[in-house]
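As a plain string of letters, each chain reads:
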Amino acid sequence: MSDAFDLIVIGSGPGGYVCAIRAAQLGLRVACVEKRETLGGTCLNIGCIPSKALLQSSENFNEVQHGFAAHGIIVDSVKLDLDQMHARKREVVQANTKGVEFLFRKNKVTWLKGEGRIVGAGRVSVAGTDYETKAIVIASGSESTPLPGVAVDEQRIVTSTGALELSEVPKHLVVIGAGVIGLELGSVWRRLGAEVTVIEFLDRIVPTLDTDVARDFQRILEKQGLKFRLGMKVTKAETTNSGVNLTFEPAKGGDAETLTADIVLLAIGRRSFSDGLGLEDAGIARDERGRVQTDEHYATNVPGIYAIGDVRVGPMLAHKAEDEGVAIAEILAGQAGHVNYDAIPSVIYTWPEVATVGKSEDELKAEGVAYSVGKFPFTANGRARAIGNTDGYVKLMADKATDRLLGAQIIGPDAGTLIAELVTAIEFGASAEDVARISHAHPTLSEAVREAAFAVEGHAIHI
Ligand code: FAD
Ligand code: NAI
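Quick summary incoming for the structure in this document. The structure presented is a predicted model; accordingly, all values stated were derived computationally and were not measured.

What counts, and where the lines are drawn
- Residues numbered from 1 in each chain as written.
- Chains lettered and ligands numbered in written order.
- Predicted model: local features only at pLDDT ≥ 70, side-chain atom pairs only at ≥ 80, totals over all residues.
- Heavy atoms only, no water.
- Helix = DSSP H or I, 4+ residues; strand = E, 2+ residues; numbered from the N terminus.
- Near = heavy atom within 4 Å.
- Polar contact = N/O pair within 3.5 Å; in protein donor to acceptor, adjacent residues only side chain to side chain.
- Areas by Shrake-Rupley, 256 points an atom, 1.4 Å probe, with all protein chains shown as cover.
- Nonpolar A, V, L, I, M, F, W, Y, C, P; charged D, E, K, R; others polar.
- Phe/Tyr/Trp six-rings, centres within 6.5 Å; stacked < 30°, edge-to-face > 60°.
- Buried < 20%, exposed > 50% of the residue type's maximum accessible area, 1.4 Å probe, protein only.
- Lys NZ or Arg CZ within 6 Å of the ring centre and 35° of its normal.
- Pairing = 2+ DSSP bridges.

Considering unusual backbone geometry
The omega torsion across W351 and P352 is -5 degrees, close enough to zero to call that bond cis. Relative to the assigned elements, P352 resides in the loop between β18 (346–348) and β19 (353–358). In this model, H442 is joined to P443 through a cis peptide bond whose omega is -5 degrees. Along the polypeptide, P443 turns up in the loop between α13 (432–437) and α14 (446–456). Even without a glycine there, the phi angle at Y298 is positive, about 70 degrees. Position of Y298 relative to the elements: it lies in the loop between α8 (279–282) and β17 (305–307).

A closer look at the site of ligand 2
Taken together, 23 residues are adjacent to ligand 2, and I181, E200, G269, M316 and V347 come closest. Side-chain polar atom of E184 to a nitrogen atom of ligand 2: 2.9 Å apart, as the coordinates give it. Bound to the protein, ligand 2 loses 79% of the 840 Å² it would expose on its own. If one sorts the elements of the shell around ligand 2 by residue count, helix α6 (residues 180–191) sits on top with four residues. Broken down by class, the residue content of the shell around ligand 2 amounts to 15 nonpolar, four polar and four charged.

A few points about the packing of aromatic side chains
Using the criterion set out here, one finds one aromatic pair in the structure. Seen in terms of ring centroids, F5 and Y131 are 6.3 Å apart; in terms of plane orientation they differ by 45 degrees. Their pairing is tilted. Placement of F5 in strand β1 (residues 4–10) and of Y131 in strand β6 (residues 129–138) is noted, with a sequence separation of 126 residues between them. There is no split in this pair, since F5 and Y131 are both buried. Note that K113 overlies the ring of W111, its terminal NZ or CZ placed 4.4 Å from the centroid. Its end group placed over the ring of Y393, K375 keeps NZ or CZ at 4.4 Å from the ring centre.

Thoughts on the pairing of strand β15 (residues 263–266)
Both faces of β15 are covered, namely the face carrying I263 and L265 and the face carrying V264 and L266. As paired strands, strand β8 (residues 157–158) and β15 are joined by two bridges and run parallel to one another. Counted as the bridge partner of V158 is L265 from β15. As paired elements, strand β9 (residues 172–176) and β15 share four bridges and run parallel to each other. Bridged to V174 within β15 is V264.

Next comes the structure, spelled out in structure tokens:
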């Protein structure tokens, strides 16, 4: 038996590292177990950060080829240096993972290197040593969901991890799953020159978006050259020397087809990861989808053991994991930690971006809630015209009787930044009229948010 801690966090992703830092700030003696060589989990190492680095680089490459001429900037020849693009991505990742290491030192969080295993309430074993602790927080994250018949080798058939590391631009990339990963990483390789076909089981893309927003998003992506095969079920993937033969058929029945790809990206969702933690031996219950089961205060059925982030229920988003990390640290320190799950934004970092918060119109319909909708297109926004990005709109939903904002969906330039105002509005229980009456700087994209709020009241000014 070695050192004793107040808290041992297992996993150093956005849930785990934020929890460890917040708990240390509140005076707890904290250790965080991480088996990866670097801190930061999926998000910093193989998720949010490297994908956003490549999205930015590929967007720059696309702009210089297709966007600059309209501004009167003529660039005669453009060359891709993919090795440099990857090198920059690695530097960005390293700056972030080293940043977490620095924050651990600053806040006196001990990094226990190796795989953590719960060997009883209050005991965690790491690399042959047992550590005693008053509380354990499981923050072990998630992994790519497998698909029978499609064997991932991270060379020809890749998950997002392999798709972030391709050493050549594929001639034909076939993506299975028109969700967030498929569309973000499909966009990266499309912009760099690949032909990209996305095969989706449902008859629409991104099931979490409103039907109209998803349809308009699909049209914009199609204009960029992405091809979609909706309502299709992949049945088999055969790897050859030169690529992959992928067989699929209509989900509702029909003739099978085969597509040849040099790379297949499997992106049909992620699932809770808790292998090797010793959950069975510790008697920790899981739900029907294998997620660690907790109550609303993140407590598992075993006293002193908690879970946060992707490993438990809820959207698999870095900021949701972080929010839960802060909340559980505060609860353990005797405070009233809390997360408002009605005000968690979600952003797809394609171009244009797509951002949502609160209820979708489809959900409100299904729940029988009476609501008003206000929509304002970026074609009518001066700044959007000036920057040359007028695709998309802001769509707001407010309670018909009280005008309280219930949800927002934005498709358009910088939607991920614009959504923050609406997250704040929903968090503070604002009405659409409140948003419409707030002064918004001119000329900014944020004026489209204000105009959509005016539109809820039936009187947008600029349309
Ligand atoms: P994770 O980040 O998965 O971290 C878990 C950590 O626990 C891992 O480092 C793992 O090694 C470690 N671990 C597991 N078991 C043990 C053990 N027994 N002992 C020691 N260590 C262990 N979300 C967003 O909000 N925005 C985005 O832009 C975004 N982009 C993404 C892009 C991609 C390609 C992917 C795959 C995901 C993306 N996500 C994004 C989702 C985001 O990465 C996750 O929601 C987030 O990382 C979850 O955080 P977490 O702390 O729960 O777990
Ligand atoms: P996803 O859940 O976003 O999308 C999966 C898609 O695959 C869905 O459209 C689904 O209908 C489809 N699908 C499921 N089974 C299928 C099958 N057998 N054949 C064809 N299609 C099938 O999952 P994705 O894209 O893998 O991402 C996982 C999670 O990672 C996201 O849900 C999100 O939580 C997180 N993430 C977040 C990002 C962000 O916030 N910008 C970026 C990337 C990932």
